[in-house]
Amino acid sequence: MRGREPLFVWILFGLVTVEILVTYSRVPANELYHVSRSGLAGGASRALVFLNFSTALVAIALVALVYTQLPNRALRALAVVAALLCAPVFWPGVVSQADLDARWVNAPAAVGVALALSLTGSMHARVNAHRGDRVRLALGVLALLAAPPWLAADLGFFLNGVPVLGSIYETGPHFVHHGHHHGMDGVLLVLAALLLSRALPAIRARALRLVTAAYLALMLSYGIGNVANDFWLEQVVKRGWTGWAIPSVLEPGLTWAWAVLIAGAAAVWLLWFRDLLETA
């Protein structure tokens, strides 16, 4: 997979987009989470929202990683446009957990993702040295261990009755609703941040490397926060083992949970990603 991190990330998000499109097209809206449309319109609507959150967050990082490898100013200008079109996902209310139907405000980020894909989908990272791959593997495995209930939900079924998995994870409508979960977004963000951090030395401009490293560190910490919140709620709190829930970090706020998240991102940058900047 050397040098193909951007392509691998696009394939990962593309597969989840297809899963969402199919599941939300065939499962009635009343069996899903905070959507009102059914059929193909419902599938396309929820897929469009997914192109905003969480795909647009990763598209910005992908554009930054390949920016200095683009061969001319016109393509670099398009890369900037792609990032700007994806940026509305940061604005409160553009994607709301309380209403996951697509709106016109979701169109710019979807266009930005498409433009980012056209610019970065076939590019290689051109990196030979990959520090910290054992840590990446360990974190990736931990994230994937939390993913089976959400992957099944993306595909529109529960794990009840599935050999081994059905005895480990609690699923069913009381625990895990059909459709896409922010815990799965967290898994995708963790995997994307781990993969794309390998390509940081490929960014030729030091200032851009610095900003992108900080962005990926925050993406990794944010993804872990969302995985922890959703998994703990569904697999621990809903089993009745405890009444305490890990606070949500979906939206930024002046909370202790976000303070921990930012501290985690700073630690990742200082103790890990900063070293990658020196290998370029």
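Everything here concerns the structure above.
Predicted model, so just to flag it, every value in this text is computed and none were measured.

A. Highlighting the packing of aromatic side chains. Counted by the stated rule, this structure contains six aromatic pairs. Note on W232 and W244: the rings are 6.0 Å apart at their centroids and 75° apart in plane angle, and the pair reads as edge-to-face. With a gap of 12 residues between them, W232 in helix α9 (residues 206-237) and W244 in the loop between α9 and α10 (256-277) connect regions that are remote in the sequence. Judged by relative accessible area, W232 falls into the partly exposed class, the value being 28%. A relative accessible area of 47% means that W244 is categorised as partly exposed. Each member of the aromatic cluster is reached from another via a ring pair, and the members are F53, Y222 and W258. Across from the ring centre of Y67, 5.6 Å away, lies the NZ or CZ of R76, which sits over that ring.

B. Main features of the packing of helix α1 (residues 5-26) against helix α2 (residues 39-66). For the pair α1 and α2, the least separation of the axes is 7 Å and the interaxial angle reads 160°. Considering their axes alone, α1 and α2 lie roughly antiparallel with respect to each other. Here α1 and α2 pass one another in a crossing that is right-handed. Broken down by class, the residue content of the contact of α1 with α2 amounts to 16 nonpolar, seven polar and one charged.

C. Structural detail: unusual backbone geometry. Omega for the peptide link from F53 to S54 comes to 25°, which places this bond in the cis form. Within the secondary structure layout, S54 lies in helix α2. Here the phi dihedral of H34 falls at roughly 55°; this positive angle occurs in a residue that is not glycine. Note on placement: H34 falls in the loop between α1 and α2. For H34, a relative accessible area of 38% puts it in the partly exposed group.

Rules and cut-offs
Residues numbered from 1 in each chain as written. Predicted model: local features only at pLDDT ≥ 70, side-chain atom pairs only at ≥ 80, totals over all residues. Heavy atoms only, no water. Phe/Tyr/Trp six-rings, centres within 6.5 Å; stacked < 30°, edge-to-face > 60°. Helix = DSSP H or I, 4+ residues; strand = E, 2+ residues; numbered from the N terminus. Buried < 20%, exposed > 50% of the residue type's maximum accessible area, 1.4 Å probe, protein only. Lys NZ or Arg CZ within 6 Å of the ring centre and 35° of its normal. Axes fitted to C-alpha atoms, helices over the stretch in contact; angles between N-to-C directions. Parallel < 35°, antiparallel > 145°, perpendicular 65-115°, else oblique. Left-handed = near helix turned anticlockwise from the far one by under 90°. Nonpolar A, V, L, I, M, F, W, Y, C, P; charged D, E, K, R; others polar.

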